[in-house]
Amino acid sequence: MKKSIIIIITFLFFTFSFAQNKFGNPEVDPIQIQKTFQDWSTYNKKIMLSRDFTALDASSKEISKEAFLDKLANGNFIPIRLKSDDSVYYYKLFKIQPKSDTSIKATINQIGFDALKNYKMEGTAFPQFSFQDLEGNLITNESMKGKIIVIKCWYIHCTPCIREFPQVNKLTEEYKDRKDILFISLAEDSPEQLKTFLARKPLSYFVIPNMKDYMNEALQLNSFPTHFILNKEGLISKVLPNFESLEVALAKESKL
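Residues numbered from 1 in each chain as written. Predicted model: local features only at pLDDT ≥ 70, side-chain atom pairs only at ≥ 80, totals over all residues. Heavy atoms only, no water.

Q: I tried to follow the nonpolar core on my own but got confused; where do I start?
A: It is characteristic of soluble globular proteins that their nonpolar side chains tend to be buried jointly. Residues Trp154, Leu186 and Phe228 are the most contacted members of the largest nonpolar core, which totals 50 residues. Residue contacts for Leu186: discarding those within four places in its chain leaves Phe131, Ile151, Lys152, Cys153, Trp154, Ile208, Met211, Tyr214, Met215 and Leu219. Core analysis: the next-biggest nonpolar cluster, separate from the first, contains 23 residues, Phe77, Phe94, Ile104 and Ala115 among them. (Core = buried A, V, L, I, M, F, W, Y, C linked by side-chain atoms within 4.5 Å. Buried < 20%, exposed > 50% of the residue type's maximum accessible area, 1.4 Å probe, protein only. Contact = heavy atoms within 4.5 Å.)

So, in structure tokens, the structure goes:
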């Protein structure tokens, strides 16, 4: 009898260990990373929740991406990427420590809320539009059918938006021979303000002025920059918070 109990306990131990390790170990110490808000903030910049990834709960059980983001938005968890030998991203939830800076939880809840909101937009139709860019070109839902549309939402005084100009300009250059990919940007500012600004800092997108109301009401944006990728059917493929995520997502969409 005792031998049977030992065998069962041993089996359960190895089963639990396998569940913990089959996806790899955390790339950082989940406890150490919470020592200060600065420690967490530095690591958090590497987290890309807009990417495709395998989501794991605190017990290493696979869950949906939506459930994962919901727990970040409303729970008491931090996301940590697991080490992996393949090209798949694995993120696992770890409990926030009781003595951690309260700013860590507040920041994660907001990030989770934004990521969940963006994720729920995937697969939905982009709101109806009829835009005229600074050069007088008319851009509408109908005229864009059959093309992949990359949309950058920004405004002149948004420092992160401007900082990525060199990167997004390089991206347009990489895809310049793809006639089925179009880059447009929605800006809050007036035509006069944009023309003066872009004369100093060029942007290789079609630039649409006076888009503050559209971005606030139709898109309900609360953070900038925000990038959208629309597929050839006019549906939202991805909603992304930065260039790094955009580059990866567009490479994937352009091959479909």
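Q: Just checking my understanding: could you explain the packing of aromatic side chains for this structure?
A: A ring pair, where both rings are aromatic, is described by two values, the distance of the centres and the angle of the planes. For the structure on display, the rule yields 15 aromatic pairs. Ring centres of Trp40 and Tyr43 lie 5.9 Å apart, and the angle between their planes is 55°; on these two criteria the pair is classed as tilted. A residue pair is termed a helical-turn pair when its members lie 3 or 4 positions apart in one helix, as Trp40 and Tyr43 do in helix 2 (residues 37–44) at three residues. With relative accessibility at 1%, the residue Trp40 sits in the buried group. With relative accessibility at 4%, the residue Tyr43 sits in the buried group. (Phe/Tyr/Trp six-rings, centres within 6.5 Å; stacked < 30°, edge-to-face > 60°. Helix = DSSP H or I, 4+ residues; strand = E, 2+ residues; numbered from the N terminus.)

Q: Teacher, can you tell me more about the pattern of salt bridges here?
A: A side chain of one charge can pair with a side chain of the opposite charge if their charged atoms are brought near each other. Tallied over the full model, the rule gives eight salt bridges. The salt bridge partner of Lys252 is Asp52, with a shortest N-O separation of 2.5 Å. Remark: Asp52 occurs in the loop between helix 2 and strand 1 (54–56) and Lys252 occurs in helix 9 (residues 243–253); sequence separation between them is 200 residues. Between Lys176 and Glu173 there is a salt bridge, and its shortest N-O distance comes to 2.8 Å. (Salt bridge = Lys/Arg side-chain N within 4 Å of Asp/Glu carboxyl O.)

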